[in-house]
Amino acid sequence: MSDFSKVIERPEIKSIGAYDFPSRSAQALYADDQLVHVWYDGNPWFVASACYRAPKAMSFGDFWSALVVPYHEEDPDWQASWTPADFVWGLDGEDWNPVEQSSLADLGVGHKSVIRMVRKS
Amino acid sequence: MTIAPKAPRKLSMKDRYSALTRDLEWDPSYVSTEEMFPFTSFEGIKIHDWSKWEDPFRLTVDAYAKYQAEKDKRLYAVLDGFAQSQGHLSLTDASYLNAMKLFLQGVSPLEYQAHRNFAYLSRHLNGPGPRFASLCQSLDEIRHAQTEIHTLSNYNKYYAGFHSYLHMHDRVWYLSVPKSFFDDALSAGPFEFLIAIGFSFEYLLTNLLFVPFMSGASFNGDLPTMTFGFSAQSDESRHMTLGLEAIKFLLEQDPDNVPIVQHWINKWFWRGYRVTALVAAMLDYMLPRKVMSWKEAFELYFEQQMLGGLFQDLAYYGIEPPKHVDKAIQEKEWLSHQAYWILYQFSHAAAFTTTTPNDEAREWFAEMYPESWPIIKTLWEKEDQNLANGGRHFIRGLPQLCQVCQIPMGFTEMDDPLKIAQRSVIFEGERYNFCSDGCQYIFEHEPVKFRQAWLPVHQIYQGNCGAADLPGVLQWYGMQPGDGGEYLGSVDNENWKTWHAQADHNELGED
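Residues numbered from 1 in each chain as written. Chains lettered and ligands numbered in written order. Predicted model: local features only at pLDDT ≥ 70, side-chain atom pairs only at ≥ 80, totals over all residues. Heavy atoms only, no water.

*Asks:* Help me get a handle on the overall build of chain A, residues and values and all.
*Replies:* Helices and strands together make up the secondary structure of chain A, namely one helix and six strands. What you see in chain A, going N to C, is helices and strands ordered as β-β-β-α-β-β-β. When its C-alpha atoms are laid out on the principal axes, chain A stretches across 60 × 30 × 25 Å. Relative to its full complement of 121 residues, chain A shows a buried share of 47%. Here the contacts in chain A between residues at least 6 apart in sequence split such that 59% fall between residues at least 24 apart. As displayed, chain A offers around 5900 Å² of accessible surface, 50% of which is attributable to carbon and sulfur atoms. Separation between the mean location of the 10 positive side-chain charges and that of the 18 negative ones in chain A comes to 8 Å. (Helix = DSSP H or I, 4+ residues; strand = E, 2+ residues; numbered from the N terminus. Buried < 20%, exposed > 50% of the residue type's maximum accessible area, 1.4 Å probe, protein only. Contact = heavy atoms within 4.5 Å. Areas by Shrake-Rupley, 256 points an atom, 1.4 Å probe, with all protein chains shown as cover. Lys, Arg positive; Asp, Glu negative; His and termini not counted. Charge placed at Lys NZ, Arg CZ, Asp CG, Glu CD.)

*Asks:* Quick rundown of the interface of chain A and chain B? Include the residues and the values.
*Replies:* Contacts between the two partners involve 52 residues from chain A, matched on the other side by 57 residues from chain B. Put simply, chain A and chain B have 36 residue pairs in polar contact (both at pLDDT 80 or more) between them. It is strand β3 (residues 50-55) of chain A that provides the largest number of residues to the side of chain A that touches chain B, a total of four residues. In terms of residue class, the side of chain A that touches chain B is built from 27 nonpolar, nine polar and 16 charged. (Polar contact = N/O pair within 3.5 Å; in protein donor to acceptor, adjacent residues only side chain to side chain. Nonpolar A, V, L, I, M, F, W, Y, C, P; charged D, E, K, R; others polar.)

*Asks:* Go over the pairing of strand β2 (residues 33-40) of chain A with me, naming the residues and quoting the values.
*Replies:* Among the eight residues of β2 of chain A, eight are classified as buried, and the element is accordingly described as predominantly covered. The alternating pattern of β2 of chain A places Asp33, Leu35, His37 and Trp39 of chain A and Gln34, Val36, Val38 and Tyr40 of chain A on opposite faces, both of which are buried.

*Asks:* If you had to explain the environment of Phe394 of chain B to someone new, which residues and values would you point to?
*Replies:* Structurally, Phe394 of chain B is set in the loop between α17 (373-388) and β2 (398-399). When the C-alpha positions of Phe394 of chain B and Leu121 of chain B are compared, they lie 44 Å apart, and in sequence the two are 273 residues distant. Filtering out sequence-adjacent residues up to four positions away, Phe394 of chain B remains in contact with Glu74 of chain A together with Tyr344, Gln345, Ser347, His348, Gly485 and Glu486 of chain B.

*Asks:* Any details on the sheet that holds strand β4 (residues 87-91) of chain A? Residues and values, ideally.
*Replies:* Paired through their backbone hydrogen bonds, the strands of a sheet run either parallel or antiparallel. Strand order across the open sheet formed by six strands is β5(A)-β4(A)-β6(A)-β2(A)-β3(A)-β2(B), with mixed pairing between neighbours. In this open sheet, the two edge strands, each paired with only one partner strand, are β5 (94-95) of chain A together with β2 of chain B. Two elements, β4 of chain A and strand β6 (residues 113-119) of chain A, share five bridges in a ladder whose sense is antiparallel. Within β6 of chain A, the residue paired with Val88 of chain A across the bridge is Val118 of chain A. (Pairing = 2+ DSSP bridges.)

*Asks:* Describe in detail the packing of helix α5 (residues 108-124) of chain B against helix α8 (residues 176-186) of chain B, supporting the description with residues and values.
*Replies:* Residue and element names in this part refer to chain B. One way to put it is that α5 packs onto α8 with a least axis distance of 10 Å and a crossing angle of 5 degrees. Of the possible angle classes, the one that applies to α5 and α8 is roughly parallel. Residues Leu110, Gln113, Ala114, Arg116 and Asn117 of α5 pack against Pro178, Lys179, Phe182 and Leu186 of α8. Partitioning the contact of α5 with α8 into residue classes produces five nonpolar, two polar and two charged. (Axes fitted to C-alpha atoms, helices over the stretch in contact; angles between N-to-C directions. Parallel < 35°, antiparallel > 145°, perpendicular 65-115°, else oblique.)

*Asks:* Tell me about the nonpolar core, and name the residues and values.
*Replies:* Grouped together as the largest cluster of nonpolar side chains are 177 residues, with contacts concentrated most on Phe63 of chain A together with Phe199 and Phe302 of chain B. Here this core gets 19 residues from one element, more than from any other, and that element is helix α12 (residues 257-286) of chain B. Other than its neighbours up to four places away in sequence, Phe199 of chain B contacts Leu194, Leu204, Gly243, Leu244, Ile247, Ile265, Leu310 and Leu314 of chain B. Of all hydrophobic cores here, the second largest spans eight residues; its members include Tyr30, Leu35 and Cys51 of chain A together with Leu401 of chain B. (Core = buried A, V, L, I, M, F, W, Y, C linked by side-chain atoms within 4.5 Å.)

*Asks:* How would you summarise the side chain of Asn98 of chain B if you had to cite specific residues and measurements?
*Replies:* Residues and elements named next belong to chain B. Considering the arrangement of structural elements, one finds Asn98 in helix α4 (residues 97-106). Taking relative accessible area as the criterion, Asn98 reaches 3% and is therefore assigned buried. Those residues in contact with Asn98 that sit more than four places away from it in its chain are Met286, Phe352 and Thr353.

*Asks:* How would you summarise unusual backbone geometry if you had to cite specific residues and measurements?
*Replies:* Residues and elements named next belong to chain B. Positive phi is not limited to glycine here, since His324 has a value of about 70 degrees. Positive phi is not limited to glycine here, since Gln406 has a value of about 70 degrees. By the element assignment, Gln406 lies in the loop between β2 and β3 (412-413). What makes Gln406 buried here is its relative accessible area of 4%.

*Asks:* Describe the packing of aromatic side chains, listing the residues and the values that go with them.
*Replies:* Enumeration according to the criterion identifies 66 aromatic pairs over all chains in this entry. Among the aromatic side chains, those forming a connected cluster through ring pairs are Tyr40, Phe46, Tyr52, Phe60, Phe63, Trp64, Tyr71, Trp78, Trp82, Phe87, Trp89 and Trp96 of chain A. Between the NZ or CZ atom of Arg116 of chain A and the centre of the ring of Trp39 of chain A, over which it lies, the distance is 5.5 Å. The lysine or arginine in question, Arg392 of chain B, covers the ring of Tyr344 of chain B, its NZ or CZ lying 3.6 Å from the ring centre. (Phe/Tyr/Trp six-rings, centres within 6.5 Å; stacked < 30°, edge-to-face > 60°. Lys NZ or Arg CZ within 6 Å of the ring centre and 35° of its normal.)

*Asks:* So, the pattern of salt bridges: which residues are in play, and what are the values?
*Replies:* Summed over all chains, the structure comprises 41 salt bridges over all chains. In this structure, the salt-bridge partner of Asp92 of chain A is Arg431 of chain B, at a minimum N-O distance of 3.2 Å. Residue Asp92 of chain A is located in the loop between β4 and β5, and its partner Arg431 of chain B is located in strand β6 (residues 430-434); the two belong to separate chains. Given a relative accessible area of 9%, Arg431 of chain B falls into the buried group. For the salt bridge of Lys101 of chain B with Asp492 of chain B, the shortest nitrogen-to-oxygen distance reads 2.7 Å. Of the two residues, Lys101 of chain B is situated in helix α4 and Asp492 of chain B in helix α22 (residues 491-508); the sequence distance between them amounts to 391 residues. (Salt bridge = Lys/Arg side-chain N within 4 Å of Asp/Glu carboxyl O.)

The following block contains the structure:
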C-alpha cells in the first residue's frame with residue numbers, strides 16, 4: 001500500500017494526431033463536491049467499496065451519519081450503536097485519525113480518495 | 001466446317017480466389033502508398049512485405065454466400081420450429097434465460113462493432129490478402145449480430161429483460177464493461193485491433209467466452225441458441241486462423257515489432273480476462289443445469305490449450321505468456337463467486353435477475369471449489385438468514401469502479417482472498433483507482449486514453465444519467481418493472497409457474 005499515491009508521468013502517445021483529452025471524472029465536474037470511496041475492509045458482505053459524492057466542506061461527523069451509516073446499516077450485523085470510534089481508520093494507504101468536527105478537505109480527503117475502515121476487534 | 005465455340009474456361013476456386021484478391025491489387029500512382037493507407041504506420045509496426053501474409057481463408061464471395069446461406073436456412077428452420085412448438089416451455093427453468101439476457105445485452109452488440117472495425121480493416125490494411133480476410137470476417141460478424149438477435153427475439157415475447165438491449169448496452173453499468181472493452185479496441189490503431197480482437201479475443205479467450213454460453217444452451221434446452229452456436233462455429237475457426245496469422249505475420253516482419261506486440265498481448269489478455277468475469281458468474285451461477293465450472297473451463301481452455309500449447313509456439317518469436325497471467329490463475333477459485341456476488345447485490349439495477357444458489361448448486365460448488373467454497377458459502381448462509389428475516393441483500397448506493405475494466409471493485413488480493421484489492425496512482429494531479437495490478441499496468445501505459453473512461457457511477461453523480469435517484473436512472477437505462485431484482489417471485493418466475501401449472505392441468509383433462 002506504500003505506493004498508493006504514486007505519481008506517474010505521461011508516456012509517449014502513439015496517435016494519428018494531437019491527442020490530449022481531459023478526464024471525464026475530474027473534480028471540477030462536481031462543483032464544490034468530490035467523490036469519496038469508503039472501503040469497509042474485513043467485511044465481505046459489501047462486495048465493493050462505496051462511492052459517494054460529498055461536499056469537500058462536509059464534516060466527518062456528517063459524512064458518517066448522512067452517507068456511511070445509511071449505506072452500511074443494510075448489513076444484518078451492523079449495530080446501530082456503532083460510532084466512528086468503533087473503527088480503525090485509514091486514508092489512501094496511510095493511518096488516519098478523523099476528527100468528527102473537521103471537514104473532509106481539512107482531514108486530507110481528496111477527490112477519489114479511499115477511506116478505509118476496519119472494525120476494532 | 002464449323003468450329004464449335006469454346007466453352008468458357010472455368011477457373012478453379014484457388015484461381016478465382018487469386019483473381020479476387022491478388023489480381024485486384026495495384027500500386028498507386030496518383031497518390032503515395034502512405035496517402036492511400038494512412039493508418040498503418042503510426043503504431044510503430046514495421047511491415048516490409050505484405051505479400052508474405054498467408055491467406056488463411058481462400059474463400060470467394062460466391063462460395064462464402066453459398067455456405068452461409070445453407071447455414072442460415074438450417075438455423076431459421078430451427079427457430080421457426082422452436083417458436084411454433086412453444087419450445088421455450090421446455091427450457092430447464094426461466095432463470096436459465098438470465099444467461100441469454102447477459103449475452104444479448106453484452107455480447108451481440110460487440111459482434112456488430114467487430115463488423116464495423118473489420119470493414120475498416122478491409123479498406124485500410126495495405127495487403128490484399130488481409131483485406132479480403134477482414135472483409136469475410138466483417139460479413140461474419142454482422143451475420144452473427146443478426147442471427148443472435150433473431151435467435152433470442154422469440155424469448156422477448158414471453159420474458160423480461162430482452163427488450164432495449166442496444167439502448168442498455170450504451171448506458172447500463174455492467175454493460176459498460178464489455179462496451180468499454182470494445183471501444184478501447186475500436187479506438188486503437190489497426191494493428192492493435194488485430195491483436196486485441198483478432199488474436200486475444202478471437203483466439204486466446206474465444207473458447208472461454210463462447211463455449212460456456214453455447215454449452216449452457218445445449219444443457220438447458222435452448223435449441224435455437226445451440227444451433228446458432230453451431231452455425232457460428234465454422235466462422236469462429238476461420239477467425240481463430242486469422243488471429244493467429246495476424247500475430248505471426250507481425251512477429252515475422254520485423255524484430256522491432258516483438259516488444260510492441262508483447263505489450264498488446266499483456267494489455268489485451270487482461271482486458272479480455274476481466275470481461276470474462278461476467279462469463280464466469282454466468283457459467284457457475286446462472287445455469288440451472290451446470291456444464292462445467294469456471295475453474296475447469298479456465299484450466300482446459302486457457303491453461304492447457306493456450307499456456308501449454310500456443311505460448312510454447314510463440315516462444316520461438318520471443319513472445320512470453322501475458323503479464324499478470326499468474327494472477328488470473330490464482331483467481332480461478334474465486335472469480336465466479338466474486339463476480340456473481342457483485343451481480344447479486346446490484347441486480348435491482350440490472351436487466352437480469354439473480355437468486356441464492358439452491359442446495360444442489362451448493363453441493364456442486366463444494367465439489368468444484370474446495371478452496372474457496374468453505375469461505376464463500378458463509379456469505380450465502382448469512383444471506384439465507386437475512387432472507388429468512390425478510391431482507392434481501394441489495395446495496396443501498398453506488399460502488400467504487402475500476403478506471404480501466406469498469407467493474408465494481410470486488411476482486412481481492414490472492415494472498416488474502418477476503419481483502420479487496422485497492423490500487424491507485426496520481427496522474428496530472430488526479431487520483432485514479434484500479435481493481436488489480438493488471439488494470440493499473442494498462443492505465444500507466446495510456447493514462448490520457450483511460451482518463452476519458454465513461455464510468456457509470458461517476459456519470460450518475462455528474463447528473464448525466466437521467467436522474468439522481470435509482471428509479472430515474474433505471475428509467476434512463478430503459479428498464480421496466482420485472483427486468484431485474486430477485487428471481488424468485490419475479491415476473492418471469494411467476495409466469496413460468498403459471499404456464500407449467502396450466503400444462504400439468506391439461507394433461508389431466510378437464511374435471
